[in-house]
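What follows is the residue order along each chain.
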Amino acid sequence: MISAQSFGENGKMKDYHHTGPVEYRFSPYTFNGGTVLAVAGEDFAIVASDTRLSEGYSIHSRDSPKCYKLTDTTVIGCSGFHGDCLTLTKIIDARLKMYKHSNNKMMTSGAIAAMLSTILYGRRFFPYYVYNIIGGLDEHGKGAVYSFDPVGSYQRDTYKAGGSASAMLQPLLDNQIGFKNMTGVEHVPLSKDKAVQLVKDVFISAAERDVYTGDALQILGIFVDTNEIPRLQFLCIYQADHWQEVSLPGGGLDDCAFTFSLRIKINVGSIFLLVIWIHVQ
Amino acid sequence: MSLFIFVGEYISALNHIFIDCIECIKHYFNCAVHKVSQIGGAVIFCLHHQTIYCKPKKSIERLLVSKMALASVLGSDYADFSFDTDKSYAFGSGLAAEPTSIDNLSFAIKGALGSAEQDDVEKKIEFLHGTTTLAFKFDHGVIVAVDSRATAGAYIASQTVKKVIEINPYLLGTMAGGAADCSFWERLLARQCRVYELRNKERISVAAASKLLANMVYQYKGMGLSMGTMVCGWDKRGPGLYYVDSEGNRVCGDLFAVGSGSMYAYGVIDSGLRQDMSVEDACELGRRAIYQATYRDAYSGGQVNLYHVHGEGWTRVSQDDVLLLHHKYQEKL
């Protein structure tokens, strides 16, 4: 779909319903909406995104997740212009492979973040219109979240929301996870279950008030298992609007978990990735 | 003097001759080193202690670039010395606005992102960078104090940004303007400083480091970079403080404040600064100045990060939340 912006007489952008002469200019960008969010705990990290892909007044897809797995310990969430999201993740995957082949080890989360910063800045004068958030475990096993702007400025955070509803989510996270603007409250460190519940609630709020956010929520969690055996687990998608569970068949680990027929890497004595799609009752 | 006058296309031919001439007359003439471009060639004048850049490459742009820079040195009116910016845009020429219309995380007020659209040199207004950073020299070194707020338009993107970039253990750079621009170029500067150290077996001076940075960003002048930084350090000449920005300014001084809150910070610093202050007092002055700036400037806030640069390098003195400082100062009243 050719994207264009229409300009009125004074050169500023016009509203959708307009009268009078209008100039159409080809724009290489379009805004596809979407929100991503990442939370880092003591020994885990959670990256979540909605699955709506929109453009203007239309919804292209209700099942277009924005989280992409990079390595066993790192997940990236990209929102903004979908075309640039796809290309950027392809470029990151290629660079990860190159690093793996030259250095015989996987990139750590911090290294991926630094690399992404230079990739984004390489296009300083024609940016990737993508808001990235990387979530994962650092080399010490602690949760890490790195948030980016479209041209590569980044920093490590404990939690961050990005995308169309970021301005609505971020204050809520500031209050609930950062305990900001609350007095006399005990700073309890965030547990894995509480974090997942919080992410679900926060997305419900975003979907209530942002047109570009909704349809379904995809949550990916990166944990250190007690058995230290890595596994990829898919549970199901949580859909805010329809309360439907979409579960994938397979052998059960407990009543909520199913193993998916993806490759299983056994990595003794180290950190691994669990992908969980939360089932809500 | 006429030995210096050459046009770009003859650089490769006159290469050796040129350098010989430089060598023998460098003690008698005083000119400016001007490294114009890494893509094009380099128009070279000598400063009799500096190194000489000479990159013989054959390209038309280089010719143009050399001629123009030469013209500027010879005193003719400096016209529009703009690089061929076609590489920035993949589409038709009507897209000048596009790359800058996106909300970038930056310290700049929203209007600043449109700076690339303005072709007129006269119309270019000095945009404020939404931040407050300051640095000043005194007898015991340099104090560097910054706030930690980053804004994307009117949205506060982060309250915990590190605006002091640790280039190496004895050099600091501050960040104001575009966050990505500052952090990228200063990281590149750190790499250049390390290369210098390895090549010359001694630490780089603050003057040279700031010059490297200034020259790097000067190549992109007019293309929309937004960066206002202070390079602070301690070298064999003592404490060093330079202000470098994306317009091409590079100024040495004893006191600088950069950003939208700079006026408020200047007021506080000017009324309290003495060269013979103790380190404690100087830190408190820097802290107070940033606090006052965050009090009155909407685009500054978060925490006050304070660094002290002395003979052995820099030390991170403190990080104080602005709200807590507010209570502290209120109690004192």
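If you're wondering where the values come from, they're calculated on a predicted model, not measured in any experiment.

### Brief notes about the overall build of chain A
Step number 1: Helix and strand counts for chain A come out as four helices and 17 strands.
Step number 2: Residue burial in chain A is summarised as follows: out of 281 residues, 51% are buried.
Step number 3: Long-range pairs, those at least 24 residues apart, make up 62% of the contacts in chain A between residues at least 6 apart in sequence.
Step number 4: Here chain A displays about 13,900 Å² of accessible surface, and carbon together with sulfur accounts for 53% of that area.

### Re helix α3 (residues 179–200) of chain B
Step number 1: Its 22 residues give α3(B) an end-to-end C-alpha distance of 31 Å, which sits within 8% of 32 Å, the value for a rise of 1.5 Å per residue.
Step number 2: At its buried positions, α3(B) is contacted by α2 (109–121) of chain A together with β5 (164–168), β6 (171–174), α4 (206–218) and β7 (228–235) of chain B.
Step number 3: Positive backbone phi, approximately 55°, marks B:Lys201, located one or two places after α3(B).

### Some points on the nonpolar core
Residues and elements named next belong to chain B.
Step number 1: Core analysis: the largest hydrophobic core is formed by 28 residues, its most contacted members being Leu171, Trp185, Cys193, Leu213 and Met227.
Step number 2: Counting only elements with at least two residues in this core, the list comes to β5, α3, α4 and β8 (238–245).
Step number 3: Broken down by element, this core gets its largest block of residues, seven residues, from α4.
Step number 4: Leave out the neighbours within four places in its chain, and Cys193 touches Ile167, Asn168, Leu171, Ile204 and Ala209.

### Some words on unusual backbone geometry
Step number 1: Of note in the backbone geometry, A:Phe179 takes a positive phi value of approximately 55° without being a glycine.
Step number 2: The residue A:Phe179 is located in the loop between α3 (166–176) and α4 (192–209) in this model.
Step number 3: For A:Phe179, a relative accessible area of 17% gives the class buried.
Step number 4: With a phi angle near 55°, B:Lys201 is a residue other than glycine that sits in the positive phi range.
Step number 5: Its place among the elements puts B:Lys201 in the loop between α3 and α4.

### Quick look at the pattern of salt bridges
Step number 1: One pass over the structure, following the stated rule, counts 17 salt bridges over all chains.
Step number 2: In this structure, A:Lys66 engages A:Asp50 in a salt bridge whose closest nitrogen and oxygen atoms are separated by 3.7 Å. One end of the pair, A:Lys66, is in the loop between β6 (58–61) and β7 (67–71); the other, A:Asp50, is in strand β4 (residues 44–50), and 16 residues separate them in sequence. Like A:Asp50, A:Lys66 is buried.
Step number 3: For B:Glu197, the salt bridge goes to B:Arg194, with nearest N and O atoms at 3.1 Å. In this pair, B:Glu197 and B:Arg194 both sit in helix α3, three residues apart, roughly one turn of the helix.
Step number 4: Classification of B:Glu197 by relative accessible area gives partly exposed; the value is 23%.
Step number 5: The exposure class assigned to B:Arg194 is partly exposed, which follows from its relative accessible area of 45%.
Step number 6: Overlapping salt bridges, with partners in common, bring together B:Glu284, B:Arg287, B:Asp320 and B:Lys328 in one network.

### Comments concerning the sheet that holds strand β9 (residues 130–137) of chain A
Where strands meet in a sheet, backbone hydrogen bonds hold them as pairs that are either parallel or antiparallel.
Residues and elements named next belong to chain A.
Step number 1: Pairing is antiparallel across the open sheet formed by five strands, whose spatial order is β7-β8-β9-β10-β11. Bordering the open sheet on either side are β7 and β11 (154–157), each of which pairs with just one other strand. Recorded for the sheet is a direction-independent mean angle of 25° between the axes of neighbouring strands.
Step number 2: Bridge count for strand β10 (residues 143–148) against β11 is four bridges, and the pairing is antiparallel. Within β11, the position partnered with Tyr146 by the bridge is Arg156.
Step number 3: Against the sheet, helix α1 (residues 82–103) touches β7, β8 (74–80) and β9, its axis set at about 10° to β7.

### Describing the sheet that holds β5(B)
Residues and elements named next belong to chain B.
Step number 1: Within the open sheet, the five strands sit side by side as β5-β6-β7-β8-β9. Their pairing is antiparallel. Of all the strands in the sheet, just β5 and β9 (250–252) have a single pairing partner and so form its edges. The average angle at which neighbouring strand axes cross in this sheet is 20°, direction not considered.

### Examining the packing of aromatic side chains
Step number 1: Evaluated as defined, the whole model comprises 19 aromatic pairs over all chains.
Step number 2: Geometrically, the ring pair formed by A:Phe44 and A:Phe223 is stacked, given 6.3 Å between the ring centres and 25° between the ring planes. Placement of the pair is A:Phe44 in strand β4 and A:Phe223 in strand β13 (residues 217–223), with a sequence separation of 179 residues. Taken individually, A:Phe44 and A:Phe223 each receive the classification buried, so the pair is uniform in this respect.
Step number 3: Judged by centre distance (6.1 Å) and plane angle (40°), the rings of B:Tyr291 and B:Tyr295 are tilted.

### Observations concerning the packing of helix α5 (residues 262–272) of chain B against helix α6 (residues 279–296) of chain B
Residue and element names in this part refer to chain B.
Step number 1: At a minimum axis distance of 7 Å, the contact between α5 and α6 shows a crossing angle of 150°. Viewed along their axes, α5 and α6 adopt a mutual orientation that is roughly antiparallel. Crossing hand, α5 versus α6: right-handed. Taken together, the residues of α6 that come into contact with α5 (itself represented by Tyr264, Ala265, Val268, Ile269 and Gly272) are Leu285, Gly286, Arg288, Ala289, Gln292, Ala293 and Arg296.
Step number 2: When the residues that make up the contact of α5 with α6 are grouped by side-chain class, the tally is seven nonpolar, three polar and two charged.

### What about the UniProt feature "active site" (unreviewed entry) in chain B?
All names here are of chain B.
Step number 1: The UniProt entry lists Thr131 under the feature "active site" (unreviewed entry), expressed in the numbering used here.
Step number 2: With respect to the helices and strands, Thr131 occurs in the loop between α2 (60–74) and β1 (133–138).
Step number 3: A distance of 2.4 Å separates polar atoms of two side chains, one belonging to Thr131 and the other to Lys163.

### Comments concerning the environment of A:Leu53
Residues and elements named next belong to chain A.
Step number 1: By the secondary structure assignment, Leu53 is in strand β5 (residues 53–55).
Step number 2: A sequence separation of 13 residues divides Leu53 from Lys66, and the C-alpha atoms of the two residues are 9.2 Å apart.
Step number 3: Not counting residues within four places of it along the chain, the set of residues in contact with Leu53 comprises Asn32, Ile59, His60, Ser61, Ser64, Lys66 and His82.

### Overview of the packing of α6(B) against helix α7 (residues 322–332) of chain B
All names here are of chain B.
Step number 1: In the contact formed by α6 and α7, the axes pass within 10 Å of each other and the chain directions differ by 105°. By the angle between their axes, α6 is roughly perpendicular relative to α7. Together, Glu284, Arg287, Arg288, Tyr291, Thr294 and Tyr295 of α6 and Val322, Leu325, His326, Lys328 and Tyr329 of α7 make up the contact between the two elements.
Step number 2: Class assignment for the residues of the contact of α6 with α7 results in five nonpolar, two polar and four charged.

### A short note on the state of the cysteines
All names here are of chain B.
Step number 1: For the structure shown, the criterion picks out zero disulfides over all chains.
Step number 2: Just so you know, Cys283 is unpaired, no disulfide at all, and the nearest cysteine sulfur is the one on Cys232, 14 Å from it.
Step number 3: The class for Cys283 is buried, based on a relative accessible area of 3%.

### Considerations on the pairing of β8(B)
Residue and element names in this part refer to chain B.
Step number 1: The buried fraction of β8 is high, at seven of eight residues.
Step number 2: Here β8 pairs with β9 via three bridges, running antiparallel. Bridging across to β9, Tyr243 finds its partner in Val251.
Step number 3: Hairpin connection from β8 to β9: four residues lie between these consecutive antiparallel strands, with Gly248 at a positive phi of about 110°.

Reading guide: rules and limits
Residues numbered from 1 in each chain as written. Chains lettered and ligands numbered in written order. Predicted model: local features only at pLDDT ≥ 70, side-chain atom pairs only at ≥ 80, totals over all residues. Heavy atoms only, no water. Helix = DSSP H or I, 4+ residues; strand = E, 2+ residues; numbered from the N terminus. Buried < 20%, exposed > 50% of the residue type's maximum accessible area, 1.4 Å probe, protein only. Contact = heavy atoms within 4.5 Å. Areas by Shrake-Rupley, 256 points an atom, 1.4 Å probe, with all protein chains shown as cover. Expected span 1.5 Å × (residues − 1). Core = buried A, V, L, I, M, F, W, Y, C linked by side-chain atoms within 4.5 Å. Salt bridge = Lys/Arg side-chain N within 4 Å of Asp/Glu carboxyl O. Pairing = 2+ DSSP bridges. Axes fitted to C-alpha atoms, helices over the stretch in contact; angles between N-to-C directions. Phe/Tyr/Trp six-rings, centres within 6.5 Å; stacked < 30°, edge-to-face > 60°. Parallel < 35°, antiparallel > 145°, perpendicular 65-115°, else oblique. Left-handed = near helix turned anticlockwise from the far one by under 90°. Nonpolar A, V, L, I, M, F, W, Y, C, P; charged D, E, K, R; others polar. UniProt positions renumbered as here; feature names shortened; annotations may be inferred. Polar contact = N/O pair within 3.5 Å; in protein donor to acceptor, adjacent residues only side chain to side chain. Disulfide = S-S within 2.5 Å.

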